[in-house]
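The lines below spell out each chain.
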Amino acid sequence: MFKTRLTEMFGIETPICMGGMTGVGYGELVAAVANAGALGFITAHMFPSGEALLDEIEKTKKLTDKPFGVNLTLLPSINPIPYDEYREAIIASGIKIVETAGRAPTDHLPRFKENGVKVIHKCTSVRHAVSAVNKGVDVISIDGFECAGHPGEDDVGLVVLLPATVDALPDTPIIASGGMADGRSLVAALALGADGVNMGTRFCATVEAKIHPNVKQKIVENTELDTVLVGRSLRNTARVAKNAVSVQVAEIQRDPTKSFEDVKALMAGQRGRENVLRDGDTDGGIWTSGQSQALIHDIPTCADLVKNIMTQAERVRARLGA
Ligand SMILES: Cc1cc2nc3c(=O)[nH]c(=O)nc-3n(C[C@H](O)[C@H](O)[C@H](O)COP(=O)(O)O)c2cc1C
């Protein structure tokens, strides 16, 4: 057993979370994660309306009676995203845990607080973590430079970023995110002061993730060298899997005369979701993956994955104790 402020606050059996994931974070996977004793998040912006999100939450509740949450990724978008509808759907559904990312959820906090919804804010710097806690979030998930998705622009690895955040916020439960993949990661994160870990890439390579088997296999084959940073020149960096498209985008973006228009078609989210995640062409578009690929060697069920992580963590703890 690993009891932490996180397991106590949310009534979960293990201090393991699966963060929101565009194209992956559907209810079936979230329910499998919950049934395995970890905490998963349905990714709200994959659903066109609050009503559609509510349907997904209700579907998930039929698959598990364990706690799960919803991710709100608050990003500027050309097409307006119905965040207020999502927030009200979350409250109406009785969901009590939200993971936010992108920017501090300042405007949503009063309604969440009124309704007893706890907010985990995922961010990539100590200053943003401190500011979010001052605004009222309950938990910080701190994402190191290793992470899949948006590592921010400071490029600080988790081994420094995590204890720096813990030191700055001793009274706030902190989740270690980015590069976490196994029981060693978990014990190391706890040693650095975390109350739990958050994994994204690791949960993509599971039986229940509804993505093409080719993508899962590619995650297993890829090493720590097989990611690329795109969007650097736009100060909107994303760590994605290395492939024909991401290498081409990064190359174009090294030319300071090029703008977003020059990479827009290559980077289209729909292209990644359809060609790669749905159809299995791993060179067909941009897809998100982190350096933790290096530590992923199998495609287990979520139940086996969480069991294996906890067994390894117990072994590591015993070895350290000895
Ligand atoms: C395929 C994929 C899609 C993701 N999409 C989102 C997203 O929409 N919103 C978000 O907050 N984080 C997103 N993330 C980031 C994860 O929630 C998590 O913070 C990250 O994967 C942690 O790093 P790791 O992959 O090394 O475990 C995504 C990650 C992956 C792998």
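Residues numbered from 1 in each chain as written. Predicted model: local features only at pLDDT ≥ 70, side-chain atom pairs only at ≥ 80, totals over all residues.

## Description of the site of the ligand
Next, step 1: The environment of the ligand is made up of 30 residues, and the closest members are Gly19, Ala101, Ala148, Gly200 and Gly290.
Next, step 2: Elements represented by at least two residues in the shell around the ligand include exactly strand E3 (69–73), strand E8 (196–199) and helix H9 (201–204).
Next, step 3: Here the shell around the ligand takes three residues from H9, the largest share from any one element.
Next, step 4: Its residues assigned to classes, the shell around the ligand shows eight nonpolar, 18 polar and four charged. (Near = placed C-beta within 6 Å. Helix = DSSP H or I, 4+ residues; strand = E, 2+ residues; numbered from the N terminus. Nonpolar A, V, L, I, M, F, W, Y, C, P; charged D, E, K, R; others polar.)

## Points about the pairing of strand E4 (residues 97–101)
Next, step 1: Most of E4 sits out of view: five of its five residues are buried.
Next, step 2: With burial as the criterion, each face of E4 is covered, one bearing Ile97, Glu99 and Ala101 and the other bearing Val98 and Thr100.
Next, step 3: Where E3 meets E4, four bridges bridge the pair, whose relative direction is parallel. Paired with Asn71 across the bridge in E4 is Glu99.
Next, step 4: Handedness of the crossover joining E3 and E4 through helix H4 (residues 83–93): right-handed. (Buried ≥ 20, exposed ≤ 12 C-beta atoms within 10 Å, placed from the backbone. Pairing = 2+ DSSP bridges. Right-handed = clockwise from strand over helix to strand, strands pointing away.)

## Some words on helix H10 (residues 213–221)
Next, step 1: Residues Val215, Lys218 and Ile219 constitute the buried set of H10. Angularly, the buried residues of H10 cover 100° about the axis, an arc narrow enough to put them on a single face. Exposed side chains of H10 directed beyond 90 degrees from the buried face belong to Pro213, Val220 and Glu221.
Next, step 2: Buried-residue contacts for H10 involve H9, strand E10 (238–241) and helix H13 (269–278). (Arc of directions from axis to C-beta. Contact = placed C-beta atoms within 7 Å.)

## What about the environment of Asn198?
Next, step 1: Mapping Asn198 onto the fold places it in strand E8.
Next, step 2: Residue Asn198 is classed as buried on the basis of its C-beta count, with 29 C-beta atoms lying within 10 Å.
Next, step 3: In sequence terms Asn198 and Gly20 are 178 residues apart; their C-alpha atoms lie 9.9 Å from each other.
Next, step 4: When near neighbours in sequence (up to four residues on either side) are disregarded, Asn198 contacts Cys17, Gly19, Ser141, Ile175, Ala176, Ser177 and Met180.

## Comments concerning the domain arrangement of the protein chain
In many reports, interface size means the accessible area that the parts give up when they come together.
Next, step 1: Domain boundaries assigned for the protein chain yield domain 1 (5–210 + 298–321) and domain 2 (227–288).
Next, step 2: When each unit is reduced to the centre of its C-alpha atoms, the spacing between domain 1 and domain 2 is 25 Å.
Next, step 3: Contacts between the two partners involve eight residues from domain 1, matched on the other side by seven residues from domain 2.
Next, step 4: Taken together, the residues of the side of domain 1 that touches domain 2 sort by class into three nonpolar, four polar and one charged. (Domains from an automatic or database assignment.)

## Examining the packing of helix H3 (residues 50–63) against H4
For any two helices packed against each other, the geometry is given by the interaxial angle and the distance between the axes.
Next, step 1: Relative orientation of the contacting elements H3 and H4 amounts to 35°, with a least axis distance of 8 Å. Here H3 and H4 pass one another in a crossing that is right-handed. Across from Gly50, Leu53, Leu54 and Ile57 in H3, the residues of H4 making contact are Glu85, Tyr86, Glu88, Ala89, Ala92 and Ser93.
Next, step 2: Among the residues making up the contact of H3 with H4, the classes are represented as six nonpolar, two polar and two charged. (Axes fitted to C-alpha atoms, helices over the stretch in contact; angles between N-to-C directions. Left-handed = near helix turned anticlockwise from the far one by under 90°.)

## Quick look at the nonpolar core
Next, step 1: Val33, Ala38, Ile140, Ile142, Ile175, Ala176 and Val197 are the most contacted members of the largest nonpolar core, which has 91 residues in total.
Next, step 2: Three or more residues apiece are contributed to this core by two domains, here domain 1 (5–210 + 298–321) and domain 2 (227–288).
Next, step 3: Once residues lying within four places of it in the same chain are set aside, the contact partners of Val33 are Met18, Ala38, Gly40, Phe203 and Cys302. (Core = buried A, V, L, I, M, F, W, Y, C linked by C-beta atoms within 7 Å.)

## Considerations on the sheet that holds E8
Next, step 1: Taken in spatial order, the eight strands close into a barrel running E1-E2-E3-E4-E5-E6-E7-E8, and their pairing is parallel. On average, each strand axis in the sheet is tilted by 25° relative to the strand beside it, whichever way the strands run.
Next, step 2: Alignment of strand E6 (residues 139–143) against strand E7 (residues 174–177), held across four bridges, turns out to be parallel. Pairing of Asp143 across the sheet is with Ser177, part of E7.
Next, step 3: Along the sheet, helix H2 (residues 27–35) contacts strand E1 (16–18) and strand E2 (39–43); its crossing angle with E2, the most-contacted strand, is approximately 170°.

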